[in-house]
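Coordinate inspection notes
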Amino acid sequence: MIPRLFIVIPCYNEQEVLPITAPMFLAKVKDLAAAGKITDDSRVLFVNDGSRDNTWQIIEELAKTDAHYIGISQSRNRGHQNAVLAGLMEAKDKCDITISIDCDGQDDINAMDAMVDAYLDGCEVVYGVRSSRETDTFFKRFTAQSFYKFLAAMGAEVVYNHADYRLISARVLKEFSNFKEVNLFLRGMIPLVGFKSTSVSYSRAERIAGESHYPLKKMIALAIDGITSLSVKPLRMIMGFGMFIAFVSFIGCIWALITALCGKAVAGWASMTCIVCFVGGVQLICLGIIGEYIGKIYMETKQRPRYIISDRTWDEQENG
Ligand code: UDP
Ligand code: MG
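From a predicted model like this one, the values you see are computed outputs, not experimental measurements.

Moving on to the packing of helix H5 (residues 138-153) against helix H8 (residues 216-230). Contact geometry of H5 with H8 gives a least axis separation of 10 Å together with a crossing angle of 10°. Considering the angle they form, H5 stands roughly parallel to H8. Contact residues: Phe139, Lys140, Thr143, Ala144, Phe147, Phe150 and Leu151 in H5; Leu216, Met219, Leu222, Ala223, Gly226 and Ile227 in H8. Among the residues making up the contact of H5 with H8, the classes are represented as ten nonpolar, two polar and one charged.

Next up on the list: the pattern of salt bridges. For the structure shown, the criterion picks out 13 salt bridges. Measuring nitrogen to oxygen at the nearest pair gives 3.6 Å for the salt bridge that ties aspartate 164 to arginine 187. With a gap of 23 residues between them, aspartate 164 in strand E6 (residues 162-169) and arginine 187 in helix H7 (residues 186-193) connect regions that are remote in the sequence. Comparing aspartate 164 with arginine 187 shows no difference in burial state: the two are buried. Where lysine 296 meets glutamate 292, a salt bridge forms, and the shortest distance between an N and an O atom there is 3.9 Å. Remark: glutamate 292 and lysine 296 occur in helix H10 (residues 269-302); sequence separation between them is four residues, near one turn of the helix. When salt bridges that share partners are traced, they join Glu90, Lys94 and Arg312 into one network.

Conventions we followed
Residues numbered from 1 in each chain as written. Chains lettered and ligands numbered in written order. Predicted model: local features only at pLDDT ≥ 70, side-chain atom pairs only at ≥ 80, totals over all residues. Heavy atoms only, no water. Axes fitted to C-alpha atoms, helices over the stretch in contact; angles between N-to-C directions. Helix = DSSP H or I, 4+ residues; strand = E, 2+ residues; numbered from the N terminus. Parallel < 35°, antiparallel > 145°, perpendicular 65-115°, else oblique. Contact = heavy atoms within 4.5 Å. Nonpolar A, V, L, I, M, F, W, Y, C, P; charged D, E, K, R; others polar. Salt bridge = Lys/Arg side-chain N within 4 Å of Asp/Glu carboxyl O. Buried < 20%, exposed > 50% of the residue type's maximum accessible area, 1.4 Å probe, protein only.

Shown next as structure tokens:
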């Protein structure tokens, strides 16, 4: 059976780049359909993530020009991960496979052919993996690579150099919809669903227009979210570290006792101050890490909706 494909594209303030890349996605859908790999009624689904510019108007216009273009709009900006999730959940009952991709043209759309081929060969998840980062600036490359290494060291397993460009079958998405957590880190969560998977490599280009929404600050936030939603290793590490400090302190106590008993006790102001400051600092860091997890639990217990769709380019009664 030929699968119906939905390409899911999160868009936030992308009015400069969307008119350039949208026709590229459409051409890809038509090419794949012409090659008999996907059905003719496949769709390009834009998810407007509460943009403040004309992105939604552009999506609405596109939807009028070609039936392959459809769009949904989130009621406000909720971030990339929530936008992708909204699109995937919208698509899961309407199609057989989804491919999520950024709208800025950085991910090579030609890798979709290999992704669909892998699906036709029996894989349910196909990860797009960047083979090179030559076009990224040194800083972006360095921070992104440190990001993956740090995640791995902290016990959050992710596919190296894989962002959110991937094919997921509707079958996997239906299972994935049972993962109800509100702290989203899709690239770490999808592998947890299991099923047969593979990866396809592609080279990453520069953004066609507009600016990146992932500055260093957001990347650090994403790394912390990824680690704390996938792993409890930091908690174990502070436990280990605490035990180490306790052991050193124990030896210090014995040493202090012996010195005092021998009558050689000195003022010891410097060593005292150092220890108090050091241990105080360590405790604050540990409290911070524990606090981060408590914050996550707090957000999870609220069970707020992960996305709210305010508009669609089609009538909800019909099938997009
Ligand atoms: N994006 C989004 N919501 C946000 C930030 C970004 O939907 O709050 C989208 C954005 O439009 C793009 C994708 O997520 O399609 C990746 O963002 P960007 O290209 O800025 O990140 P980078 O590729 O630099 O990591
Ligand atoms: Mg980008």
